[in-house]
Amino acid sequence: MKSTAYAPTATASSTTKKIPAALLALTISAFGIGTTEFVIVGLLPTVASDLNISIPSAGLLVSLYAIGVAIGAPVLTALTSRIPRKKLLIYLMLLFIVGNGLASVAPSFATLVIARIVTGFAHGVFFSIGSTIAAALVPPNKRASAISIMFTGLTVAIVTGVPFGTFIGQQFGWRATFIGVALLGLIGLISSWILVPNHIKNEDKVSLKDQFKVITNGRLLLAFLMTALGYGGTFVAFTYLSPILQKITGFSEAMVSMVLVVYGIAIALGNLIGGKVANKNPLKALLWMFVLQAIALLIFTYTAGNPVLGMITLFVMGALSFSNVPGLQLYVVQLAEKHLPGTEDVASAFNIAAFNVGIAIGAFVGGLVVESALGLGATPWVGAVLVAAAIVVTLISSRIAKK
């Protein structure tokens, strides 16, 4: 298997210090991006009150951000394919800083929406090219682990950046949070400038038309569907986890905050473990991850009402919810390398879009379940049904791969 975005040299293979340094820069940037993605959820009431809009209207700041990632990222990744990778990373962090800076001074809701969409563009392109760069910085048998290290920044943001950013917004106003996130982006920019190697090379030049062949490739489409269903299934319950813990488990608001921190820790651990497991055979690893994920969601349906058993199940759910991310990214990159060489970054971008489509689907389905006769307690098993669909898609992909 050929390397995608990096020219293997003696420096890359024998010098162990450069690899962690470059991955650290990617992880720092991922932390800032993950914080700005999720922190808005905790700030919605504050933003709505300050801008005199309804909370559902403020919720557009979440969905439109996802649209910025899902639609803009593949297009921008393709259009920027000839820009040197390190330079593009720096440009992306500049765009991220501008987006959050604009949000911090937004005079109206419309301006804030534009700022969120701009930031979403930076998010999608960063994680698409970041995945291929991270994978190319290490030997083939360590690629999923490298991707998982980068995504650790995203998971750590859920554990620390989001609650801290929400606290800042509640104490000093939501604009202060966006200023803080912009500063995180500046740190990420400086880290990339200093730590990312200069000798990262672009993929082989491929026309824009050829790059978008990724959405007509059957195997890649199956992989994107696998991502949307497998990742999105968790969000059916995760989106409504706080009310589940309060209304069904019986935890107080203060206790829920502590539980979410523990859940975030489980996510971070699962992401790292999932990367190691998926290094050699990502498709096989993904199959077992989805099976375990579906089982955990089903069990949580019955243990949610018990504080002890519910916490144990929730920890397992957290570990499994992000464990599939490195494997899914690596699998898509491998497919692109094999069937459409030169489109790895764009394929990765479409997979990032699939993650966000999965989040949107999971949240939407969860909302329908909560408002239906099934109620809040049914969200875990409905999520398991979506993951079960991902299992079917994975089995189909496995059968095609064997042929």
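## Digging into the overall build of the protein chain
Scanning the protein chain from terminus to terminus reveals 17 helices and zero strands. Here the C-alpha radius of gyration of the protein chain, 20 Å, is about what a compact globule of 403 residues would show, namely 22 Å. With the C-alpha coordinates of the protein chain rotated into their principal frame, the extents come out at 55 × 50 × 40 Å. By the burial criterion, 57% of the 403 residues in the protein chain qualify as buried. Summed over its atoms, the accessible surface of the protein chain is roughly 16,300 Å², and 72% of this surface lies on carbon and sulfur atoms. Computed over 24 positive and 10 negative side-chain charges, the inter-centroid distance for the protein chain is 11 Å.

## Points about the side chain of histidine 123
Along the polypeptide, histidine 123 turns up in helix α6 (residues 109-136). Histidine 123 sits in the buried class, given a relative accessible area of 4%. For histidine 123, the side chain forms a polar contact with the side chain of tyrosine 65, separated by 2.9 Å. Not counting residues within four places of it along the chain, the set of residues in contact with histidine 123 comprises Ile33, Glu37, Tyr65, Val69 and Ile352.

## Looking at the packing of helix α5 (residues 85-104) against helix α8 (residues 174-195)
Packed helix pairs are characterised by how far apart their axes lie and by the angle those axes make with each other. Direction vectors running N to C along α5 and α8 enclose 170°, while the axes themselves pass 8 Å from each other. By the angle between their axes, α5 is roughly antiparallel relative to α8. Classified by chirality, the crossing of α8 by α5 is left-handed. Contacts between α5 and α8 involve Lys86, Ile90, Met93, Leu94, Phe96, Ile97, Asn100, Gly101, Ala103 and Ser104 from the first element and Trp174, Arg175, Phe178, Ile179, Val181, Ala182, Gly185, Leu186, Gly188, Leu189, Ser192 and Trp193 from the second. Across the contact of α5 with α8, the residue classes tally to 14 nonpolar, six polar and two charged.

## Concerning the nonpolar core
One broad trend across soluble globular proteins is that nonpolar side chains are buried collectively. Counting 96 residues, the largest nonpolar core has Phe126 and Phe127 as its most contacted members. When residues in this core are grouped by element, the largest group, ten residues, is from helix α13 (residues 282-303). The contacts of phenylalanine 127, once residues within four sequence positions are left out, are Ala30, Ile33, Met150, Phe151, Leu154, Gln329, Ser348 and Ile352. Counting 17 residues, the second largest nonpolar core, distinct from the first, contains Val47, Ala48, Leu51 and Trp174.

## Some details on the pattern of salt bridges
Across all of its chains, the model carries one salt bridge by this definition. With a closest N to O distance of 3.9 Å, arginine 175 and aspartate 50 form a salt bridge. Within this pair, whereas arginine 175 is found in helix α8, its partner aspartate 50 is found in helix α2 (residues 18-51), the two being separated by 125 residues in sequence. A residue is classified by how much of its surface remains accessible, and aspartate 50, at 43% relative accessible area, is partly exposed.

## Details of the side chain of threonine 303
Position of threonine 303 among the secondary structure elements: in helix α13. A relative accessible area of 11% places threonine 303 in the buried class.

## Observations concerning the confidence of the model for the protein chain
Of the residues in the protein chain, 91% reach a pLDDT of 70 or more, and the chain-wide mean stands at 83. Averaged over each element, pLDDT in the protein chain is lowest for helix α1 (residues 10-14) (36) and highest for α13 (94). The model gives residues 1-18 a pLDDT under 50, and that stretch makes 35 contacts with residues more than four places away or in other chains.

## A few points about the packing of aromatic side chains
Where two aromatic rings form a pair, the distance of their centres and the angle of their planes describe that pair. Using the criterion set out here, one finds eight aromatic pairs in the structure. Ring centres of tyrosine 231 and phenylalanine 355 lie 4.8 Å apart, and the angle between their planes is 80°; this geometry places the pair in the edge-to-face category. Taken together, the residues span a long stretch of sequence, with tyrosine 231 in helix α10 (residues 218-238) and phenylalanine 355 in helix α16 (residues 344-371) at a distance of 124 residues. Here the aromatic rings of phenylalanine 235 and phenylalanine 238 are separated by 5.2 Å at their centres, their planes lie at 85°, and the arrangement is edge-to-face.

Quick notes on the rules
Residues numbered from 1 in each chain as written. Predicted model: local features only at pLDDT ≥ 70, side-chain atom pairs only at ≥ 80, totals over all residues. Heavy atoms only, no water. Helix = DSSP H or I, 4+ residues; strand = E, 2+ residues; numbered from the N terminus. Rg over C-alpha atoms; globule rule 2.2 N^0.38 Å. Buried < 20%, exposed > 50% of the residue type's maximum accessible area, 1.4 Å probe, protein only. Areas by Shrake-Rupley, 256 points an atom, 1.4 Å probe, with all protein chains shown as cover. Lys, Arg positive; Asp, Glu negative; His and termini not counted. Charge placed at Lys NZ, Arg CZ, Asp CG, Glu CD. Polar contact = N/O pair within 3.5 Å; in protein donor to acceptor, adjacent residues only side chain to side chain. Contact = heavy atoms within 4.5 Å. Axes fitted to C-alpha atoms, helices over the stretch in contact; angles between N-to-C directions. Parallel < 35°, antiparallel > 145°, perpendicular 65-115°, else oblique. Left-handed = near helix turned anticlockwise from the far one by under 90°. Nonpolar A, V, L, I, M, F, W, Y, C, P; charged D, E, K, R; others polar. Core = buried A, V, L, I, M, F, W, Y, C linked by side-chain atoms within 4.5 Å. Salt bridge = Lys/Arg side-chain N within 4 Å of Asp/Glu carboxyl O. pLDDT = per-residue confidence, 0-100. Phe/Tyr/Trp six-rings, centres within 6.5 Å; stacked < 30°, edge-to-face > 60°.

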